[in-house]
Amino acid sequence: EGIIDAHRLPRVVESIGILQHGGKLQDAELDGLQQWFGALARWMQDSPIGKQERAARNNHGLYYDTLLSHFALFSGDAALARSVAERAKVARLAAQIDSRGAFTEELTRTRSMHYVTWTLNAAYDLADLGACAGVDLWDYQARPGTGSLRRATDFIAAYSSDAGAWPYPELNKG
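Residues numbered from 1 in each chain as written. Predicted model: local features only at pLDDT ≥ 70, side-chain atom pairs only at ≥ 80, totals over all residues. Heavy atoms only, no water.

Peer 1: Give me the lowdown on the overall build of the protein chain, citing residues and values where you can.
Peer 2: A tally of helices and strands in the protein chain yields seven helices and zero strands. The linear arrangement of helices and strands in the protein chain, starting from the amino end, is α-α-α-α-α-α-α. By the compact-globule yardstick of 16 Å for 174 residues, the protein chain fits well, its C-alpha radius of gyration being 17 Å. Along the first, second and third principal axes, the C-alpha set of the protein chain runs to 55 × 35 × 30 Å. The buried share of the protein chain, reckoned over its 174 residues, is 43%. Within the protein chain, counting contacts between residues at least 6 apart in sequence, those at least 24 apart form 69% of the total. As presented, the protein chain carries roughly 9200 Å² of accessible surface, and 51% of it is formed by carbon and sulfur atoms. (Helix = DSSP H or I, 4+ residues; strand = E, 2+ residues; numbered from the N terminus. Rg over C-alpha atoms; globule rule 2.2 N^0.38 Å. Buried < 20%, exposed > 50% of the residue type's maximum accessible area, 1.4 Å probe, protein only. Contact = heavy atoms within 4.5 Å. Areas by Shrake-Rupley, 256 points an atom, 1.4 Å probe, with all protein chains shown as cover.)

What follows is the structure, encoded as structure tokens:
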């Protein structure tokens, strides 16, 4: 549960890229940051809380994969990012998105629309990171007619003009 709270750390990684490009980081500083994020990625894989989050079948699992991929790529471990993206095809997309495009684990939450969109955001980020590692999650579909990012997008988009029609629990429903 503490791992998902790191969902803003990718902004730090992206900021490092800006600082590096602007000549504001010394090579030793960049190396130290890459080593630190590499150690964080190893901790995520080895710690009890990391293993628990990896096993989660809801937004926690998707955010775990997204964060791990981001940190792996930044620290130079493209092989790890590639394996996370490959595993995500079945463990995240096929397992978490049903044939309608719904993230079923999120639909029972008290703020289901929030959690569906938040989870979809993590899936988009993971698909972008997977592409960096040579894995296509954008067009992945286990079998025709099964869940995919396109179906998940269409599922939530159907309510974009009338969020009040959302048929699942939503405390913020007006």
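Peer 1: Got a sec to walk through the nonpolar core? Specific residues and values, please.
Peer 2: In this structure, Met44, Phe71, Phe103, Leu137 and Trp166 are the most contacted members of the largest nonpolar core, which totals 46 residues. Contributing elements (two or more residues each) for this core: α1 (9–21), α2 (27–46), α4 (59–74), α5 (78–96), α6 (112–132) and α7 (149–157). The element contributing the most residues to this core is α4, with eight residues. Not counting residues within four places of it along the chain, the set of residues in contact with Phe103 comprises Leu62, Gln96, Ile97, Val116, Thr119, Leu120, Ala123 and Ala152. (Core = buried A, V, L, I, M, F, W, Y, C linked by side-chain atoms within 4.5 Å.)

Peer 1: Can you lay out the packing of α4 against α6 for me, pointing to particular residues and giving the numbers?
Peer 2: Any two packed helices are characterised by the angle at which their axes cross and by the distance between the axes. Direction vectors running N to C along α4 and α6 enclose 30 degrees, while the axes themselves pass 9 Å from each other. Relative to α6, the element α4 lies roughly parallel. Remark: the crossing between α4 and α6 carries left-handed chirality. Facing Asn59, Leu62, Tyr63, Asp65, Thr66, Ser69, His70 and Leu73 of α4, the residues of α6 in contact are Tyr115, Trp118, Thr119, Asn121, Ala122, Ala123, Asp125, Leu126, Leu129 and Cys132. A per-class count over the contact of α4 with α6 returns 10 nonpolar, six polar and two charged. (Axes fitted to C-alpha atoms, helices over the stretch in contact; angles between N-to-C directions. Parallel < 35°, antiparallel > 145°, perpendicular 65-115°, else oblique. Left-handed = near helix turned anticlockwise from the far one by under 90°. Nonpolar A, V, L, I, M, F, W, Y, C, P; charged D, E, K, R; others polar.)

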